[in-house]
Amino acid sequence: MLEIKNSKQHRDAIEFALKFVEQVALEAARDGWDSKVEYFLAQVGFSVGLGNVWRFPYLCHQNGGGAFILLYVLLMGLVGVPLFFLELAAGQRIRQGSIGVWRHISPKLVGIGYSSCVVCFFVALYYNVIIGWSIFYLGSSFQYPLPWENCPTEGNDTVKECAASSPTAYFWYRKALDITDSIDETGELNPIITGCLLAAWVIVCLAMYKGIKSTGKVMYFSSVFPYVVLLCFLIRGVTLDGASEGIKFMFYPRLEIWADVQVWRQAATQVFFALGLGFGSVIAYSSYNPRNNNCHRDAFTVSGVNFMTSVLATLVVFAVLGFRAKTIATECVKRSVKMICECLILKHIIMPEVPYMYIFQKRYDVYLYVCVCCSNVKAVLEGTGLAFIAFTEAMTLFPGSPFWSALFFLMLLNLGLSTMFGTMAGILTPLTDTFKTLRNHKLLFTACSCVVGFLIGLTFTQRCGNYFVTMFDDYSATLPLIIVVIFQTISVAWVYGADRFLEDLKRMLDRPVPVVYKYLWKYVCPAAMLGLLGASLLKMILERPTYTAWNREKASKENLPYPDWALAVLSALIIVAFLPVPIGYIHFLLLERLGQSPADAEAGYVPCATTDIDLTPLGTLPPSGDDPNSFPPLLHENHGSRLQNGHIEHFESSNEL
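Residue indices follow the written sequence of each chain, beginning from 1 at its first position. Totals for whole chains, interfaces and linings use all residues, but because this is a predicted model, local features are given only for residues with pLDDT of at least 70 and pairs of side-chain atoms are given and counted only at 80 or more. Only hydrogens and water are removed before side-chain values are computed, so all heavy atoms of the structure are retained for them.

1. Concerning the overall build of the protein
Heads up, the condition is: To qualify as a helix, a DSSP run of H or I must reach at least 4 residues; to qualify as a strand, a run of E must reach at least 2; elements of each kind are numbered from the N terminus. Contacts between residues were defined by any pair of non-hydrogen atoms, one from each residue, lying within 4.5 Å. Per-residue and other accessible areas were derived by the Shrake-Rupley procedure at a 1.4 Å probe size, with only the shown protein chains allowed to occlude residues.
Along the protein, the regular secondary structure elements total 26 helices and 9 strands. Taking as baseline every contact in the protein between residues at least 6 positions apart, the subset at least 24 positions apart corresponds to 81%. Accessible surface, the protein: about 28500 Å² in total, of which carbon and sulfur atoms supply 64%.

Structure, rendered in structure tokens:
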């Protein structure tokens, strides 16, 4: 009788637990992707950003052309795809943002998730400023002729600064930025750029206010439209005179650059940022997937699309810049021939004894050298210089230039926004997953985040704001993200265990995962990331950080060293971004010493509202009470419940009640 009674109590307890878990999970359930297409476009939109258009072409040409592309593909296969797959798989399996994922893997490393949030916040601050610049240029494109097509005049004279540089450079530095001569000269706020920054944050807020439900719909346009524009520019570009010369410069292989360590560093950095590793955005987007989604295939598909987009953008850039170079060279040669003819006439008057051919040859050599230097396609600008100076100048040579200009900057706007949505997801998703208060006021939290981002972003709308954008771009994300990814890889491959993780993925995907990932995660990826970290640190230590400033008097760029206070700021950016990792570890040790649970009291596993909802609060399970150093598995053999199509399928318990 006692055995029957205990059995009945056991069943009643299980039924009560099932009802309680089901009720809590359904109340806390968050939305999932409406379709696989939305998810795919979101991942592609986040990974394919402005860097594909203005950084990859520059690196490709400066570092060996086709040889750099081969090196990039090699590093993408050995490091990029495995790490990208790791983040996709971790987010999809644990179904939380970056904070919950790394707390679940090891409570000691919860700081990794917070560090990713900090870096995302830093990036969002300056990235939206670039979007604001694109909005300004987009609005300026609806004029004919384009405002950067000709130099302005003061009275009867051309503005000196413009005449000494170029119309596009003058418009960028003086009309758009009204830039100071150095970072030490702050200057007042630029009202036009401030307004554009406000518009950028309003767009981001409206797209994010319903989470992925609203973001997913926006992605249908923001992720697809840039490809339409790139194809239009490619078709137009290859028909231009000089395009073939530009493309030859792009693909001409110089294999000797493989011996340069800095080229490997730049290629690895580009792979790293092209896939958005370490931001937590990949994890956030993947966490909204059903568990049976084939994330292994997604890793290859998104990486492949990312690479092909970079190649496509590079073809477009060099086709257009080849046309620009040949056009400038042709005009220059025409002017040179005219000058030579005038010189020959003058020679006949004052130097009749000097042979004609001698003067012709000397003058022609000098003028030809000047023309080649001015139009050389090798002189490719990087980053904003490529987009807002070189490319805009080339478009002024197109028939119907306002149309092409508006198309180009609308493309930049969408590329920036799709990446910005992912960056904001890397902030909002982990924090709302972790803190119940934020989760209950998600709309207010999203709006407040955008307001704070705008207010801090006013720093970048000062006249010296471009220099701060460069500082944040170069230092606020690179080193902290490399460190974050190193810890991510070590925590999965060594702390949790690569074999154990692969077994979890085998059960999740219902198919075996190639064992080669074990060795890539354990040895190749950490070694590559440590090498990248060492090379980056060595470069910072051996060379004082510099920035490119615009000198108004000289009407030219010059490299200036950062002042001491700026070095302190960029050092603080790196330290603040990385600081959550050691703080999280120390916090765990203190709680452990005090005998308390290391799990965050606000934490709560929030399953997605898809047809595959796992009700087991995996992300909130603390280490075993008997062994504080043990970590909860991603899949549980004896404890678990799963909801399939609204019904509990299975619940087992090995504990006696």
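Having put the structure on the table, let's press on.
2. Observations regarding the UniProt feature "binding site: Na(+)" (unreviewed entry) in the protein
For clarity, the threshold we go by: UniProt positions are given in the numbering used here, feature names are shortened, and annotations may be inferred rather than shown by experiment. Categorising residues by exposure relies on relative accessible area from a 1.4 Å probe, with only protein chains included: less than 20% of the type maximum marks a residue as buried, more than 50% marks it as exposed, and the intermediate range marks it as partly exposed. Here a polar contact means two N or O atoms within 3.5 Å. Within protein one must be a hydrogen donor candidate and the other an acceptor candidate, and residues neighboring in sequence count only if both atoms are side-chain atoms.
As recorded in UniProt, the sites labelled "binding site: Na(+)" (unreviewed entry) are Gly-45, Val-48, Asn-52, Asn-306 and Leu-415. The greatest C-alpha distance among the residues just named is 12.3 Å, despite their covering 371 residues of sequence, which places them together in space. For Gly-45, a relative accessible area of 3% puts it in the buried group. Residue contacts for Gly-45: discarding those within four places in its chain leaves Ser-223, Ser-418 and Thr-419. By secondary structure assignment, the location of Asn-52 is in helix α3 (residues 50–54). The exposure class assigned to Asn-52 is buried, which follows from its relative accessible area of 3%. Not counting residues within four places of it along the chain, the set of residues in contact with Asn-52 comprises Ser-47, Pro-57, Asn-306, Ser-310 and Ala-313. At 2.9 Å, the side chain of Asn-52 forms a polar contact with the backbone nitrogen of Gly-49.

3. A few points about the environment of Ala-267
Position of Ala-267 relative to the elements: it lies in helix α14 (residues 261–274). You can call Ala-267 buried: its relative accessible area is 0%. C-alpha of Ala-267 to C-alpha of Leu-59: the two residues are 208 residues apart in sequence and 7.9 Å apart in space. Residue contacts for Ala-267: discarding those within four places in its chain leaves Phe-68, Leu-71, Tyr-72 and Leu-75.

4. Considering the pairing of strand β4 (residues 546–551)
Note the cut-off: Any two strands with at least two DSSP-identified bridges between them are counted as paired.
Relative to strand β5 (residues 556–561), β4 is paired through 6 bridges, and the arrangement is antiparallel. Within β5, the residue paired with Trp-550 across the bridge is Lys-557. Counting the residues in the hairpin turn of β4 and β5 gives 4 residues, including Ala-555, whose phi is positive at 55°.

5. Here we look at helix α18 (residues 384–395)
Stated formally: Multiplying one less than the number of residues by 1.5 Å gives the expected span of a helix.
Its 12 residues give α18 an end-to-end C-alpha distance of 16 Å, which sits within 8% of 16 Å, the value for a rise of 1.5 Å per residue. Of all 12 residues making up α18, 11 are buried, and the element is well covered by its neighbours. Those residues of α18 that fall on the buried side of the exposure criterion are Gly-385, Leu-386, Ala-387, Phe-388, Ile-389, Ala-390, Phe-391, Thr-392, Glu-393, Ala-394 and Met-395.

6. Points about the state of the cysteines
Where two cysteines share a covalent bond between their sulfur atoms, that bond is called a disulfide. As a reminder of what qualifies: Two cysteine sulfur atoms form a disulfide, by the criterion used here, when they sit within 2.5 Å.
Taken as a whole, this structure holds 1 disulfide when the rule is applied. The residue that forms a disulfide with Cys-151 is Cys-162, at a sulfur-sulfur distance of 1.9 Å. Here Cys-151 and Cys-162 share a disulfide; its torsion about the S-S bond, -85°, makes the bridge left-handed. Taken together, the residues Cys-151 in the loop between α7 (111–140) and β2 (153–154) and Cys-162 in helix α8 (residues 160–164) connect sequence positions 11 residues apart. The cysteine Cys-205 is free of any disulfide, with Cys-450 supplying the nearest cysteine sulfur at 4.1 Å.

7. Topic: the pattern of salt bridges
Condition: Here, a salt bridge means any Lys or Arg side-chain nitrogen found within 4 Å of an Asp or Glu carboxyl oxygen.
A complete count under the given rule lists 12 salt bridges for this structure. The closest approach of N and O atoms between Arg-552 and Glu-161, which form a salt bridge, is 3.6 Å. Taken together, the positions of Arg-552 in the loop between β4 and β5 and Glu-161 in helix α8 put the pair 391 residues apart, joining distant regions of the chain. Judged by its relative accessible area of 41%, Arg-552 falls in the partly exposed class. For Glu-161, a relative accessible area of 7% corresponds to the buried category. Here Asp-178 and Arg-463 are joined by a salt bridge, their closest N and O atoms 3.5 Å apart. Residue Asp-178 is found in the loop between α9 (167–176) and α10 (191–208), and its partner Arg-463 is found in the loop between α21 (442–457) and α22 (465–476); the two are separated by 285 residues along the sequence. When salt bridges that share partners are traced, they join Glu-161, Arg-174, Asp-178, Arg-463 and Arg-552 into one network.

8. Some thoughts on the side chain of Asn-306
Relative to the helices and strands, Asn-306 resides in helix α16 (residues 295–350). You can call Asn-306 buried: its relative accessible area is 0%. Polar side-chain contacts of Asn-306 include one of 2.8 Å to the backbone oxygen of Ala-274. The contacts of Asn-306, once residues within four sequence positions are left out, are Ser-47, Val-48, Asn-52, Tyr-72, Ala-274 and Leu-275.

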